[in-house]
Amino acid sequence: DSGVTQTPKHLITATGQRVTLRCSPRSGDLSVYWYQQSLDQGLQFLIQYYNGEERAKGNILERFSAQQFPDLHSELNLSSLELGDSALYFCASSRGQATYYEQYFGPGTRLTVT
Amino acid sequence: SQQGEEDPQALSIQEGENATMNCSYKTSINNLQWYRQNSGRGLVHLILIRSNEREKHSGRLRVTLDTSKKSSSLLITASRAADTASYFCATGPAPKLTFGTGTRLTIIP
């Protein structure tokens, strides 16, 4: 158990809908990262927050947005969903924001868009 | 785009044998990390090697780094069934990590 929790574990929704994925980082970790893992794109970095502020953006679509709240939990919002958004979405956390900090991954949310 | 490319894409070996997988990356790095992912689960950090290090050990894991060739290798000695997983290398630039395509390792009992 990494100490990172993600809810829900599974999500099935229709195209055009909007969903929210939630992540609680390990106690004491200030950085939260979101990743998308799909068969064709592999593991892709989406976005990172550090202590409530956005610090880095990767291959995140404009239809996706995220935020980190004062209690450090984070939410990833996916809107106008398309079939291609079906993937595993992982949240990770770390103490700091540099790459030499080990990232602890949550169990993931499996999103299926039908 | 992927920063790292693991090789081979898939590897099957007998339990007890050693497994070696390689990672090549494109740009200069400060450090390189290896992660393991069991099927459909989150990634688990294995080891980090800094750019000024050439070799690092952790238990049955041995990682080497050749910055001149922009490559790294992960050796798992005396493999066990529980080592069956996908293995990814990851590099910066900070603060984000970019993961390779992964090597799918299967240990045959």
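Read on for a plain summary of the structure.

Calculation criteria
- Residues numbered from 1 in each chain as written.
- Chains lettered and ligands numbered in written order.
- Predicted model: local features only at pLDDT ≥ 70, side-chain atom pairs only at ≥ 80, totals over all residues.
- Heavy atoms only, no water.
- Helix = DSSP H or I, 4+ residues; strand = E, 2+ residues; numbered from the N terminus.
- Rg over C-alpha atoms; globule rule 2.2 N^0.38 Å.
- Buried < 20%, exposed > 50% of the residue type's maximum accessible area, 1.4 Å probe, protein only.
- Contact = heavy atoms within 4.5 Å.
- Pairing = 2+ DSSP bridges.
- Axes fitted to C-alpha atoms, helices over the stretch in contact; angles between N-to-C directions.
- Buried area = accessible area lost by both parts, 1.4 Å probe.
- Salt bridge = Lys/Arg side-chain N within 4 Å of Asp/Glu carboxyl O.
- Polar contact = N/O pair within 3.5 Å; in protein donor to acceptor, adjacent residues only side chain to side chain.
- 1 Å grid on protein atoms, 1.4 Å probe; cavity = no way out; pocket = protein on both sides within 12 Å on 5 of 7 lines; lining within 4 Å.
- Points joined across faces, edges and corners; volume = space filled by probe spheres on them.
- Nonpolar A, V, L, I, M, F, W, Y, C, P; charged D, E, K, R; others polar.
- Phe/Tyr/Trp six-rings, centres within 6.5 Å; stacked < 30°, edge-to-face > 60°.
- Lys NZ or Arg CZ within 6 Å of the ring centre and 35° of its normal.

1. Section: the overall build of chain A
Helix and strand counts for chain A stand at 0 helices and 11 strands. Mapped in sequence order, the helices and strands of chain A form the string β-β-β-β-β-β-β-β-β-β-β. Its C-alpha radius of gyration of 13 Å places chain A within 12% of the 13 Å reference for a compact globule of 114 residues. Evaluated residue by residue, chain A yields a buried proportion of 52% over its 114 residues. Sequence separation of at least 24 residues holds for 56% of the intrachain contacts in chain A that already meet a minimum separation of 6.

2. Considering the sheet that holds strand 1 (residues 5-7) of chain A
All names here are of chain A. In space, the 4 strands of this open sheet follow the order 1-3-8-7, with antiparallel pairing throughout. Every interior strand has two partners, whereas the edge strands, strand 1 and strand 7 (64-68), have only one. On average, each strand axis in the sheet is inclined to that of its neighbour by 15°, with strand direction left out of account. With 5 bridges connecting them, strand 7 and strand 8 (residues 74-78) associate as antiparallel partners. Opposite Ala-66, over in strand 8, you have Leu-76 as the bridge partner.

3. Focus on the interface of chain B and chain A
Tallying the contact residues gives 21 residues for chain B and 27 residues for chain A. Together chain B and chain A conceal approximately 1,700 Å² of surface at their shared face, both sides included; 54% is due to carbon and sulfur atoms. Our enumeration of links across chain B and chain A arrives at 0 salt bridges. Applying the counting rule to chain B against chain A returns 3 residue pairs in polar contact (both at pLDDT 80 or more). When contributions to the side of chain B that touches chain A are tallied by element, the ones reaching two or more residues are strand 4 (31-37) and strand 5 (43-50) of chain B.

4. Some details on unusual backbone geometry
Cis rather than trans, the peptide bond between A:Thr7 and A:Pro8 has omega equal to -10°. Tracing the backbone through its elements, the reader meets A:Pro8 in the loop between strand 1 and strand 2 (10-13). Here the bond from B:Asp7 into B:Pro8 is cis, since omega is 0°, no more than 30 degrees from zero. Inspection of the secondary structure puts B:Pro8 in the loop between strand 1 (4-7) and strand 2 (10-14).

5. Observations regarding the layout of surface pockets
Of the volumes computed, that of the largest pocket is approximately 570 Å³. Lining the largest pocket are 23 residues, with A:Gln37, A:Ser38, A:Leu39, B:Gln37 and B:Phe88 sitting closest to its centre. Elements that contribute at least two residues to the lining of the largest pocket include exactly strand 4 (31-38), strand 5 (42-50), strand 9 (87-94) and strand 11 (109-113) of chain A together with strand 9 (85-91) and strand 11 (103-108) of chain B. In terms of residue class, the lining of the largest pocket is built from 6 nonpolar, 14 polar and 3 charged. Taken as a whole, the second largest pocket spans an internal volume of roughly 340 Å³. Contributing elements (two or more residues each) for the lining of the second largest pocket: strand 10 (104-105) of chain A together with strand 5 of chain B. If one sorts the elements of the lining of the second largest pocket by residue count, strand 5 of chain B sits on top with 3 residues. The class makeup of the residues in the lining of the second largest pocket is 6 nonpolar, 6 polar and 3 charged.

6. Notes on the packing of aromatic side chains
Ring pairs (aromatic) are described by centroid distance and by the angle formed between their planes. Evaluation of the coordinates by the stated rule reveals 8 aromatic pairs over all chains. With centroids separated by 6.0 Å and ring planes inclined at 80°, the aromatic side chains of A:Phe105 and B:Phe99 adopt a geometry described as edge-to-face. You can see A:Phe105 sitting in strand 10 and its partner B:Phe99 sitting in strand 10 (residues 98-99), one on each of two chains. Ring-pair connections join several aromatic residues into one group, and the members of that group are A:Tyr35, A:Phe45, A:Phe90, A:Phe105, B:Tyr35 and B:Phe99. Across from the ring centre of A:Tyr104, 3.6 Å away, lies the NZ or CZ of A:Arg26, which sits over that ring.

Shape descriptors only; they carry no functional weight alone.
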